[in-house]
Amino acid sequence: MSVVGPSGCGKSTLLRIASGLETASDGVAQVDASRIGYVFQDATLLPWRSVQDNVELLAELNGQPKEARRAKAGRAIELVGLTGFEKHLPKQLSGGMRMRTSLARSLTLDPELFLFDEPFGALDEITRERLNDELLRLFVEQRFAGLFITHSVSEAVYLSTKVVVMSGRPGTVVRTFDVPFPMPRDPDIRFTPEFAELVGEVSRALREGHR
Amino acid sequence: MVTLQEVTEARVARVAVRRTKKRAPASWWQPVVVLALLVGVWWLVAAYYDKSKGLAFLVPYPHLVLQALVHDTTQPTFNQELWQALGRSTAVALTGLAIAIVIGVAWAVVMSQAKWLERSLYPYAVVLQCVPILALVPLIGALFGYGFPSRVIVTVMIALFPMVSNTLFGLQSTDKGQRELFQLQGAGRGTRLAKLQLPAALPSIFVGLRTSAGLSVIGAIVGDQFFQRGNPGLGVLIQVTASRLMGPELYATIIVASLLGVAVFLVFGLLGRLAVGRWYDFS
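Residues numbered from 1 in each chain as written. Chains lettered and ligands numbered in written order. Predicted model: local features only at pLDDT ≥ 70, side-chain atom pairs only at ≥ 80, totals over all residues.

(A) A look at the overall build of chain A. Across its full length, chain A holds seven helices and six strands. Ordering the α and β elements of chain A from the N terminus gives β-α-β-α-α-α-β-α-β-α-β-β-α. Its C-alpha atoms give chain A a radius of gyration of 18 Å, near enough to 17 Å, the size a compact globule of 211 residues would have. In terms of overall dimensions, chain A has a C-alpha envelope of 50 × 40 × 30 Å along the principal axes. Looking at chain A as a whole, 40% of its 211 residues qualify as buried. At a minimum sequence separation of 6, the contacts of chain A that also span at least 24 residues come to 72%. (Helix = DSSP H or I, 4+ residues; strand = E, 2+ residues; numbered from the N terminus. Rg over C-alpha atoms; globule rule 2.2 N^0.38 Å. Buried ≥ 20, exposed ≤ 12 C-beta atoms within 10 Å, placed from the backbone. Contact = placed C-beta atoms within 7 Å.)

(B) The sheet that holds strand β6 (residues 173-178) of chain A, seen in detail. Residues and elements named next belong to chain A. Reading across from one edge, β2-β3-β4-β1-β5-β6 is the order of the six strands in this open sheet, with mixed pairing throughout. Of all the strands in the sheet, just β2 (36-39) and β6 have a single pairing partner and so form its edges. Pairwise comparison of adjacent strand axes, ignoring direction, gives a mean angle of 15 degrees for this sheet. Pairing geometry for strand β3 (residues 113-117) and strand β4 (residues 145-150), over five bridges, is parallel. Residue pairing for β4: Phe114 is matched across the bridge by Gly146. Along the sheet, helix α4 (residues 95-107) contacts β2 and β3; its crossing angle with β2, the most-contacted strand, is approximately 165 degrees. (Pairing = 2+ DSSP bridges. Axes fitted to C-alpha atoms, helices over the stretch in contact; angles between N-to-C directions.)

(C) Seen up close, the environment of Ser2(A). Residue and element names in this part refer to chain A. Among the structural elements, Ser2 can be located in strand β1 (residues 2-4). With 26 C-beta atoms packed within 10 Å, Ser2 lands in the buried category. For the pair Ser2 and Phe181, spaced 179 residues apart in the sequence, the C-alpha separation amounts to 15 Å. With residues up to four places along the chain from it excluded, the contact list for Ser2 reads Phe148, Thr150, Ala156, Leu159, Ser160, Val163 and Val164.

(D) Here's a closer look at the UniProt feature "transmembrane region" (unreviewed entry) in chain B. Residue and element names in this part refer to chain B. The positions that UniProt labels "transmembrane region" (unreviewed entry) are, in the present scheme, residues 28-49, 91-110, 122-146, 152-171, 200-222 and 250-271. Overall, residues 28-49 shows 95% helix and 0% strand. The separation of its end C-alpha atoms is 32 Å. Annotation note: span residues 91-110, helix share 100%, strand share 0%, distance between end C-alpha atoms 29 Å. (UniProt positions renumbered as here; feature names shortened; annotations may be inferred.)

(E) Quick peek at the domain arrangement of chain A. Residues and elements named next belong to chain A. Parsing chain A into structural domains produces domain 1 (1-34 + 112-211) and domain 2 (45-110). Each of domain 1 and domain 2 was reduced to a C-alpha centroid, and the two centroids are 25 Å apart. Taken together, the contact pairs eight residues of domain 1 with five residues of domain 2. Considering each element in turn, the side of domain 1 that touches domain 2 owes the most residues, three residues, to helix α5 (residues 125-142). Considering only residue class, the side of domain 1 that touches domain 2 consists of seven nonpolar, one polar and no charged. (Domains from an automatic or database assignment. Nonpolar A, V, L, I, M, F, W, Y, C, P; charged D, E, K, R; others polar.)

(F) Looking closely at the packing of helix α2 (residues 51-61) of chain A against α4(A). Residue and element names in this part refer to chain A. Running from amino to carboxyl end, α2 crosses α4 at an angle of 35 degrees, the nearest separation of the two axes being 7 Å. As for how α2 packs across α4, the hand of that crossing is right-handed. Residues Val51, Asn54, Val55, Leu57 and Leu58 of α2 lie in contact with α4, whose contacting residues are Thr101, Ala104 and Arg105. Classifying every residue of the contact of α2 with α4 by side-chain character gives five nonpolar, two polar and one charged. (Left-handed = near helix turned anticlockwise from the far one by under 90°.)

(G) Main features of the confidence of the model for chain B. All names here are of chain B. Confidence along chain B averages 83 in pLDDT terms, with 88% of residues attaining 70 or more. When pLDDT is averaged over each element of chain B, helix α7 (residues 148-171) comes out on top at 91 and helix α1 (residues 4-21) at the bottom at 55. Predicted as a complex, the structure gets a pTM of 0.80 and an ipTM equal to 0.81. (pLDDT = per-residue confidence, 0-100.)

This is the structure in structure tokens:
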């Protein structure tokens, strides 16, 4: 499920409430998952730790024994395709690889719910599309629920089974779209007329909500 | 999978890192030329003071100063005294620096724990920086005697502030995302301090350390000049040689004191680079 909306409509706040970083000022937030993975806008890696140590961080903070977290981190690094880069420091990686490391770090939690706060916003288009493909592959393999915040309509449609469009202040839900394309999806689906039409519809809803 | 393009990007990033690390080609000879020029001017001035003014001790010839540095000249025990004084002043400077590091880091850690603590305690760090230490020196002497402890106290007071301010700055340099990452895992204050704030603060701690190290040498010499009892350090030696008009010996002592300052600065700069240079670029 993806959420799109103009800046300042409360998309990120929604995530922060879901994760427990903030509490709702009114109403009830029901989150039915004990293991939540949170992927930030920036990779938020610790620059003094290698890829391996960065990926191990969350397990380390949860007090897991060294052996277990090493094995877990190894698997996560493999899942995001960074095998061979375990000893690299963040500054030696490209932006896309840093984001993969961040993704791997969240994967070590075996999350039932994945929260994405515009994770690929700072990347170039090509890297972004590639990471989208990989995220879908991960989704098919790992089967987690994901709440994805983004500015990019096509990214939202491509990744989700549901797209929620929000309007500007006060932030309200304008419309919810169901995305009919089955999983796993072919990357080339982005070039089909059906896909383009849905993207157009979502964009229109977004623009109307903006007025 | 990591694609070829990404691997290439990473390689470019790594090369860029390596390039920024390498400075412009080593330029050791440029300062040497300047030194030669300075010594030349020095020699001319010395000749002027010697020949036309008859005050040779005010600006002694460079080679006489060099002699005083290397072996005893007209003063039979000077050379030995010089190196002993260097040892004592180094001991005062390093002891004072060690204490300043401990107090400074602890002070900053306490302040980083809460905004109200910072607001209550930071002004005193600034006050400490503003108090003219020289005005306090006679009082310190009267309270703590005129020996080693008083010299160390003066050194600590002079060297403390950069440690406090740089450590605090470093502890607060973590970004919001990193802090929230720890918060989401329910990490406590201690864990956050040990695994996030202190490692993140290390580069600034080393910047502060380098400044404080230079100040600690100044502190040791200033303390020495005021507390003239006990075993003399470089400060005492400077005053004694000056009052006895021992030109070459005075200059030799000043040079040794300056070299001590430079050495301490370089050593702690190098330590910093060894400790965090792997992931942090000092420049």
